[in-house]
Amino acid sequence: MTYEKFLTVITQSVQQAMGQEYRVLLHHVLKNNATPMDGISILKIGEKASPTIYLNEFYKEWEKGKSILEITDKIQRIYQTHCRKMEFRIEEFKNYEKIKGKLAIKLINYHENNTMLQEIPFKRFLDLAVVCYVLIGKIESNTASILVRQEYRKIWKVSEEELFLQAFENTPKLLPPELKSMNTLIQEALSGQELEDEKEYQEGEIPMYVLTNVMRFNGAAAMLYPGVISNFARWLGKDLYILPSSVHEVILIPLVSDIEKHVLEQMVREVNQEEVEQMEQLSNEVYCYFRENGEFTL
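Residues numbered from 1 in each chain as written. Predicted model: local features only at pLDDT ≥ 70, side-chain atom pairs only at ≥ 80, totals over all residues. Heavy atoms only, no water.

Caption draft 1: Seen up close, the overall build of the protein chain. Counting its secondary structure elements, the protein chain contains ten helices and 13 strands. Split into buried and exposed, the 298 residues of the protein chain put 44% on the buried side. Here the protein chain displays about 16,200 Å² of accessible surface, and carbon together with sulfur accounts for 48% of that area. (Helix = DSSP H or I, 4+ residues; strand = E, 2+ residues; numbered from the N terminus. Buried < 20%, exposed > 50% of the residue type's maximum accessible area, 1.4 Å probe, protein only. Areas by Shrake-Rupley, 256 points an atom, 1.4 Å probe, with all protein chains shown as cover.)

Encoded structure:
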């Protein structure tokens, strides 16, 4: 079965399973870095909006042997367990006073999202763009959010300046920063439990630290939190290389003479090509942070 046929079959299957009290709508959307995604929204009659359940990964499950019925059951469970519990109502979304506390910022690549950015409020930062989104909740292991478009800002009747001031203020509170050494994160992955951070490195080993947020969602934006990078660089006593590992985290490395920037850039490009999904890639560049003037540069 082709992917396009799968989309039709699974949409019909979910509609049949949900019954006549619901509408199941198929969406084709472009996500970060112009990545095409397909999903369904399940709406009870009278409802105008519902979180999207994306189908791309379900097709991979079907290819590995899961039946349409099993996938349909899983989608129903996700809807009943997560989507129905989310307090998302169109009228509330139109009310800025009710939505402003959920605004947050994230970083995306400016050049890869140039077309999308024509419809979205943004601020340039190096080769990136800072954009705003509304944090809704979680669906399974994914975090549900809505990217803020110009049309929403106009409905809310707020300026771009006010929008970004609110989002910048909220984000460290909604998504506090998490900074750990790479060694600690590897040990946590192997042990299955959270450990005290160990910042000591062996002689000759390149010190690496991972900066994200506690949800590890859109965590690269933590590099913009007030004082996070500057305080860490001061504690380390070094300027920093910043490697954009993905939209969810960045890697911090002391800027020292025996580590050449072009080598790090090649590493970032290779990791992006081989390991990071297109939708989660942030940049192929490596940034520098200098303590003396507090500046970020390419």
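Caption draft 2: Broad picture of the sheet that holds strand β3 (residues 53–54). The sheet built from three strands is open, its strands ordered β1-β2-β3 with antiparallel pairing. Bordering the open sheet on either side are β1 (22–30) and β3, each of which pairs with just one other strand. Pairing of strand β2 (residues 36–44) with β3, which is carried by two bridges, proceeds in the antiparallel orientation. Residue pairing in the sheet places I40 in a bridge with I53 of β3. Sheet strands in contact with helix α1 (residues 3–18) are β1 and β2, and its direction is about 155° off that of β1. (Pairing = 2+ DSSP bridges. Contact = heavy atoms within 4.5 Å. Axes fitted to C-alpha atoms, helices over the stretch in contact; angles between N-to-C directions.)

Caption draft 3: Highlighting the sheet that holds strand β11 (residues 249–254). As summarised here, the arrangement of the six strands in space is β8-β9-β11-β10-β12-β13, forming an open sheet in which the pairing is antiparallel. Strands at the two margins of the open sheet, each flanked by one partner only, are β8 (177–181) and β13 (295–297). Taken pair by pair, the neighbouring strands of this sheet meet at an average axis angle of 25°, ignoring direction. Helix α9 (residues 228–236) rests against β8, β9 (209–213), β10 (240–246), β11, β12 (287–290) and β13 of the sheet, and its axis sits at about 130° to β10.

Caption draft 4: View of unusual backbone geometry. In the Ramachandran plot, A34 falls in the positive-phi region, its phi being about 55° despite a non-glycine side chain. Summarising the element assignment, A34 is placed in the loop between β1 and β2. The residue R216 is not glycine, and still its phi comes out positive at about 55°. Note on placement: R216 falls in the loop between β9 and α9. R216 gets classed as partly exposed once you look at its relative accessible area, which sits at 41%.

Caption draft 5: Examining the nonpolar core more closely. Formed by 43 residues in total, the largest nonpolar core has its most connected members in L107, W156 and M223. Among the nonpolar cores identified, the runner-up in size contains 19 residues, and V14, V24, Y59 and Y79 belong to it. (Core = buried A, V, L, I, M, F, W, Y, C linked by side-chain atoms within 4.5 Å.)

Caption draft 6: The environment of N113, seen in detail. With respect to the helices, strands and loops of the structure, N113 is situated in the loop between β4 (103–109) and β5 (122–125). A relative accessible area of 2% places N113 in the buried class. Taking C-alpha positions, N113 is 9.9 Å from L30, a pair spaced 83 residues apart along the chain. In this structure, N113 is in contact with K31, N32, N33, A34 and I108, ignoring residues within four places of it in sequence.

Caption draft 7: Examining the packing of aromatic side chains more closely. Counted under the stated rule, the structure contains 15 aromatic pairs. On the basis of an interplanar angle of 75° and a centroid distance of 5.2 Å, the ring pair of Y3 and Y59 is categorised as edge-to-face. Note that Y3 is positioned in helix α1 and Y59 in helix α2 (residues 56–63), a separation of 56 residues in sequence. Classification of Y59 as buried rests on a relative accessible area of 13%. Aromatic pair F6 and W62: ring centres 6.4 Å apart, planes at 40°, arrangement tilted. Taken together, the residues F6 in helix α1 and W62 in helix α2 connect sequence positions 56 residues apart. Taking relative accessible area as the criterion, W62 reaches 23% and is therefore assigned partly exposed. Among the aromatic residues, those joined into a ring-pair cluster are Y3, F6, Y59 and W62. (Phe/Tyr/Trp six-rings, centres within 6.5 Å; stacked < 30°, edge-to-face > 60°.)

Caption draft 8: Broad picture of the pairing of β11. Here β11 lies mainly inside the structure; five of its six residues are buried. Alignment of β9 against β11, held across three bridges, turns out to be antiparallel. Bridge pairing in β11 places Y209 opposite L252. Strand direction decides the pairing type here: β10 and β11, joined by five bridges, are antiparallel. Across the sheet, residue Y241 finds its bridge partner in β11, namely I253. Following β10, the chain reverses through two residues before pairing antiparallel with β11.

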